[in-house]
Amino acid sequence: MADVVILGAGISGHTAALHLSRLLTKKDTITVVSPNSKWNWIPSNIWVGVGKMSKQDVTFALAPVYARKGIAFRQAKAVAIRPYGDDTDARGAVDIVSTGRGDTGREDRIRYDYLINATGPQLKFGATEGLGPDGHSLSVCTADHAVEAAQALQDTIAKLRAGQPQTLVVGMGHGTCTCEGAAFEYVFNVDHQLREAGVRDRARLIYLSNEAALGDFGVDGMTFEQQGFQTSSELWTASLFRERDVEPILGAHVERVEPGVVHFETLDGEHHALPFDFAMLLPPFGGVPLAAYDRAGADITAEMFAPSGFMKVDADYTPKPYEDWRAEDWPETYLVPGHDNIFAVGIAFAPPHQISRPRKSANGTVITPSPPRTGMPSGIMGKTVALTIADRIKHGARAEAHTASMAHMGAACVASAGADMRNGSAAAMTMMPVVPDYSRFPTGRDLKATSGEIGLSGHWAKLALHYLFIHKAKGRFGWHLIPE
């Protein structure tokens, strides 16, 4: 009998829990700890944020799914990890604080034989003064945030219909943000909504990004080969911006957001003020606040976590210049060093470095996308560590760990560029691998498996994937046959 505890019920944690429920016996226990009572298919928050879907379309209650799968669910937030146990029990433990109705604030300590940290990101709106729904800008990071953004967009459209010109800004709220793809999707869905409403000619639509070039997406861009010719994701993406008349402002770090004005610095060291009527700006991510203690109660947080709050795993964290970055720097097993029973997956693991070329402004401000670790890679990591844990429970702790390095892993992304069954579109992109490997491929990636295409069929694929992954996340018939 073994006890597995999973912190977080996002894509990585939820995927791991479902796979463990089918791989382990009823003698083993699986416990998911999450502060949220509902699962959210975050990629579709984009459509909630423009009013094409409701909150109910992208969320569902976790408890019934876990009850059906024999998974224990604790609605709580983890606050501390004790990998060596405490003075009463040498088994590893996690301290949690309940967030559920009726017992909010109750503290508890739960034991584990295997632990998966899949806590996802802390949304660091506070890193930029005035950023976020509690400040002067909007977000689509959560379903509730997206509902607020949709209402604000409708208010903006109403003003445009009344003849009032409006400036809309969509993008990154800090120089180290990730999820450029989400901002890309949202800006073109906003463009689509403005056109549907017949008010696009009165609106100025701006894409504000920390990317040094369009099409970077936090992965240092891509090279595509079509009919024997190579093109860059920069050129491919720029054509869409020209076609839709979306103005890009690149290499930008937002310093502060005031009512109706976003202040930012650019790579050339210049400072700018951009008036706006509507602004959706994504925050940078950090690790959730988690401490770590040894058996005597001494703080060992710095040993297990990077300064960013993300958990250290089997990566090479040696500081090195961009020219010395290697695919081998990236983790394969997601095991925490010195602990053969603790894993960190998805956004929760600390990357060894960025994927995009590091850049600073003339003033020394870091303006470079952080590496994306969401969506398909997160699901693959969750399944991979579930397979490792299942093997070790069944065959012993020395069973070889399964691997899923982002330097060998491919990824597919379908980025919506307007939701409509007849005149919508989406950019369908694939890359292999996610982390470029210039020792294997001249362009860093396999040209046969790296591609980009935009069109109506992409929207149909995006919509089909929405329903497919909701089905999978609910653990319905055949769910495990659907790829991560």
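Here, the structure is the one placed above.
Presented here is a report on the structure given in the accompanying data block. (Residues numbered from 1 in each chain as written. Predicted model: local features only at pLDDT ≥ 70, side-chain atom pairs only at ≥ 80, totals over all residues. Heavy atoms only, no water.)

Brief notes about the pattern of salt bridges
Argument step 1. Going through the model one piece at a time under the given rule, you end up with 23 salt bridges.
Argument step 2. The salt bridge involving Arg-111 is made with Asp-86; its shortest N-O contact spans 2.7 Å. Of this pair, Arg-111 sits in strand β7 (residues 107-112) while Asp-86 sits in the loop between β5 (72-82) and β6 (92-98); the two residues are 25 residues apart in sequence, bridging distant segments of the chain.
Argument step 3. In this structure, Glu-247 engages Arg-204 in a salt bridge whose closest nitrogen and oxygen atoms are separated by 3.0 Å. Of this pair, Glu-247 sits in strand β14 (residues 247-249) while Arg-204 is found in strand β11 (residues 203-208), placing the two residues 43 residues apart along the sequence.
Argument step 4. For Glu-247, a relative accessible area of 31% puts it in the partly exposed group.
Argument step 5. Three or more residues joined by partner-sharing salt bridges are found here, namely Arg-82, Asp-86, Asp-89, Asp-95, Arg-109 and Arg-111. (Salt bridge = Lys/Arg side-chain N within 4 Å of Asp/Glu carboxyl O. Helix = DSSP H or I, 4+ residues; strand = E, 2+ residues; numbered from the N terminus. Buried < 20%, exposed > 50% of the residue type's maximum accessible area, 1.4 Å probe, protein only.)

A look at the environment of Gly-102
Argument step 1. If you trace the backbone, Gly-102 turns up in the loop between β6 and β7.
Argument step 2. Gly-102 sits 168 residues away from Glu-270 along the chain, and the two C-alpha atoms are 52 Å apart.

A look at the packing of aromatic side chains
Argument step 1. Tallied over the full model, the rule gives 12 aromatic pairs.
Argument step 2. Ring geometry for Phe-224 against Trp-236: centres 5.5 Å apart, planes inclined by 85°, an arrangement best described as edge-to-face. Of this pair, Phe-224 sits in strand β12 (residues 223-226) while Trp-236 is found in helix α7 (residues 233-244), placing the two residues 12 residues apart along the sequence. For the pair shown, Phe-224 and Trp-236 are each scored as buried.
Argument step 3. Taking 5.1 Å as the distance between ring centres and 70° as the angle between the ring planes, the aromatic pair formed by Tyr-322 and Trp-325 counts as edge-to-face. The same class applies to Tyr-322 and to Trp-325, which are both buried.
Argument step 4. The ring centre of Phe-310 lies 4.8 Å from the NZ or CZ of Arg-373, which sits over that ring.
Argument step 5. The side chain of Arg-373 reaches across the aromatic face of Phe-349, ending 5.4 Å from its centre. (Phe/Tyr/Trp six-rings, centres within 6.5 Å; stacked < 30°, edge-to-face > 60°. Lys NZ or Arg CZ within 6 Å of the ring centre and 35° of its normal.)

Brief notes about the pairing of β12
Side-chain positions along a regular strand alternate between the two faces of the sheet.
Argument step 1. Where β12 and strand β13 (residues 229-232) come together, 4 bridges link them in antiparallel fashion. For Glu-225, the partnering residue across the bridge sits in β13 and is Gln-230.
Argument step 2. Turn length for the β12-β13 hairpin, with the two strands adjacent in sequence and antiparallel, is 2 residues, and the turn residue Gln-227 shows positive phi of about 55°. (Pairing = 2+ DSSP bridges.)

Some thoughts on the pairing of strand β23 (residues 426-431)
Argument step 1. As paired elements, strand β22 (residues 411-416) and β23 share 6 bridges and run antiparallel to each other. Residue Ala-412 lies in a different strand from β23, and its bridge partner there is Thr-430.
Argument step 2. As judged from the 5 bridges shared by β23 and strand β24 (residues 451-455), these two strands associate in the antiparallel manner. Pairing of Ala-426 across the sheet is with Gly-455, part of β24.

Here's the deal with the environment of Leu-194
Argument step 1. Within the secondary structure, Leu-194 is located in helix α6 (residues 180-196).
Argument step 2. With relative accessibility at 0%, the residue Leu-194 sits in the buried group.
Argument step 3. As a C-alpha pair, Leu-194 and Gln-154 span 40 residues in sequence and 9.6 Å in three-dimensional space.
Argument step 4. Ignoring sequence-local partners within four residues, the contact set of Leu-194 consists of Ile-157, Leu-160, Leu-168, Val-199, Arg-200 and Ala-203. (Contact = heavy atoms within 4.5 Å.)

Some words on the packing of helix α1 (residues 11-23) against helix α9 (residues 376-395)
Argument step 1. Where α1 contacts α9, the axes come no closer than 8 Å and their chain directions differ by 35°. Crossing angle aside, the handedness with which α1 passes α9 is right-handed. For the pair α1 and α9, contact is made by Ile-11, Ser-12, Thr-15, Ala-16, His-19, Leu-20, Arg-22 and Leu-23 and by Ser-378, Gly-379, Gly-382, Lys-383, Ala-386, Leu-387, Ile-389, Ala-390 and Lys-394, respectively.
Argument step 2. Of the residues assigned to the contact of α1 with α9, the class counts are 8 nonpolar, 6 polar and 3 charged. (Axes fitted to C-alpha atoms, helices over the stretch in contact; angles between N-to-C directions. Left-handed = near helix turned anticlockwise from the far one by under 90°. Nonpolar A, V, L, I, M, F, W, Y, C, P; charged D, E, K, R; others polar.)

Considerations on α6
Argument step 1. Helix length check: α6, at 17 residues, gives a terminal C-alpha distance of 24 Å against a target of 24 Å (1.5 Å per residue), a fit within 8%.
Argument step 2. Of all 17 residues making up α6, 13 are buried, and the element is well covered by its neighbours.
Argument step 3. Directly after α6, the chain includes Gly-198, whose backbone phi takes a positive value near 75°. (Expected span 1.5 Å × (residues − 1).)

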